[in-house]
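Chain and residue survey
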Amino acid sequence: MPESKGRAKPAYTPPRTAQSRVTKPNPRWFVPLMLALMVIGLLWVVTYYISGAKEYPVPSLHRWNLGAGFAFMMAGFLMTTRWR
C-alpha cells in the first residue's frame, strides 16, 4: 500500500503579544491587608453577635452591622483572586 507524504510545516510560534506579558509580584502590603480585612470582618460579626445584637460595633447600623462585617470579609476574599 502506498504511504502519503507528510507536509513539512514550520514549528508553531505564538504571537509576540502573548510572550511579552509578564506578571509582576504583589506589593509587600497586599497580603497583610488581605488578611487584615478578613480578620476585621470576622471580629465585626462576632462582636455584633456577642453584644446582643444591639450595642456594638456601631449601634445605629442595627442589623446592617452584619452587612458591614461581611463586606470586610468579602473584600479580603476578593483580594485573594489577585494574589500571586
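Our structure is the block above this text.
Keep in mind that this is a model prediction, so the values were computed, not measured. Position labels on residues start from 1 in each chain and follow its written sequence. This being a predicted model, a pLDDT of at least 70 is required before a residue's local features are given, and a value of 80 or more before pairs of side-chain atoms are given or counted; all residues contribute to the totals for chains, interfaces and linings. Computation of side-chain values covers all heavy atoms of the structure but excludes hydrogens and water.

**Structural notes on the packing of helix α2 (residues 30-50) against helix α3 (residues 64-80)**
Where α2 contacts α3, the two axes come as close as 8 Å, and the packing angle between them is 160 degrees. Between α2 and α3, the angle is such that the two are roughly antiparallel. Seen from above, α2 lies across α3 with left-handed handedness. Contacts between α2 and α3 involve Phe-30, Leu-33, Met-34, Leu-37, Met-38, Ile-40, Gly-41, Leu-42, Trp-44, Val-45, Tyr-48 and Tyr-49 from the former and Asn-65, Leu-66, Ala-68, Gly-69, Phe-70, Phe-72, Met-73, Ala-75, Gly-76, Phe-77, Met-79 and Thr-80 from the latter. Helix axes use the C-alpha atoms of the stretch in contact, all axes being lines fitted to C-alpha atoms, and the angles between their N-to-C directions lie in the range 0 to 180 degrees. The secondary structure listing takes helices from DSSP runs of H or I that are at least 4 residues long and strands from runs of E that are at least 2 residues long, numbered from the N terminus. Here roughly perpendicular refers to angles of 65 to 115 degrees, roughly parallel to angles under 35, roughly antiparallel to angles over 145, and oblique to all remaining angles. Two helices crossing with the near one rotated counterclockwise from the far one by less than a right angle form a left-handed crossing, whereas a clockwise rotation gives a right-handed crossing. Here, two residues are considered to be in contact whenever any of their heavy atoms come within 4.5 Å of each other.

**Things to note about the nonpolar core**
Throughout this description, the term nonpolar core refers to a set of buried Ala, Val, Leu, Ile, Met, Phe, Trp, Tyr and Cys residues connected via side-chain atoms within 4.5 Å. The rule is simple: take the accessible area with a 1.4 Å probe, protein chains only, and divide by the maximum for that residue type; under 20% is buried, over 50% is exposed, in between is partly exposed. In this structure, Phe-30, Met-34, Leu-37, Met-38 and Met-79 together form the largest nonpolar core, which totals five residues. Here this core takes four residues from α2, the largest share from any one element. Excluding residues that lie within four positions of it along the chain, Met-34 makes contacts with Gly-76, Met-79, Thr-80 and Trp-83.

**Here's the deal with α3**
Three- or four-residue spacings in an α-helix give side chains the same orientation, since the helix completes a turn every 3.6 residues. The end-to-end C-alpha distance of α3, which contains 17 residues, comes to 25 Å, matching closely the 24 Å that a straight helix rising 1.5 Å per residue would cover. Within the span of α3, buried status applies to Asn-65, Leu-66, Gly-69, Met-73, Gly-76 and Met-79. The arc enclosing the buried residues of α3, seen along the axis, measures out at 165 degrees, which places them on a common side. Exposed residues lying more than 90 degrees from the buried face of α3 are Trp-64 and Leu-78. Packed against the buried residues of α3 are α2. Under the convention used throughout, the expected extent of a helix is 1.5 Å for every residue step, that is, one less than its residue count. Read the arc as the range of directions from the helix axis to the C-beta atoms.

**Comments concerning a nonpolar patch on the surface**
Taken together, the side chains of Leu-42, Val-46 and Ile-50 define a hydrophobic patch exposed on the protein surface, amounting to about 290 Å² of accessible area. Relative to the elements of secondary structure, Val-46 occurs in helix α2. Overall, the relative accessible area of 36% leaves Val-46 in the partly exposed class. Any residue with relative accessible area above 30% and no salt bridge may belong to a patch, with like charges joined within 9 Å and the nonpolar Val, Leu, Ile, Met, Phe, Trp and Tyr side chains within 5 Å. Each accessible area value is a Shrake-Rupley result obtained with a 1.4 Å probe; residue values ignore everything except the protein chains displayed when judging cover. The working definition used for a salt bridge is a side-chain nitrogen of Lys or Arg within 4 Å of a carboxyl oxygen of Asp or Glu.

**A closer look at the packing of aromatic side chains**
Stacked, edge-to-face and tilted labels apply to pairs of Phe, Tyr and Trp rings (six-membered ring for Trp) whose centres lie within 6.5 Å, assigned for plane angles under 30 degrees, over 60, and everything in between, in that order. By the definition in use, this model includes three aromatic pairs. Ring plane angle 45 degrees and centroid distance 5.5 Å describe the contact between Trp-44 and Phe-72, whose orientation is recorded as tilted. Taken as a pair, Trp-44 in helix α2 and Phe-72 in helix α3 lie far apart in primary sequence, 28 residues in all. Accessibility expressed as a relative area gives 28% for Phe-72, which makes it partly exposed. Ring geometry for Tyr-48 versus Tyr-49: centroids 5.7 Å apart, planes at 65 degrees, classification edge-to-face. Judged by relative accessible area, which is 3%, Tyr-48 ranks as buried.

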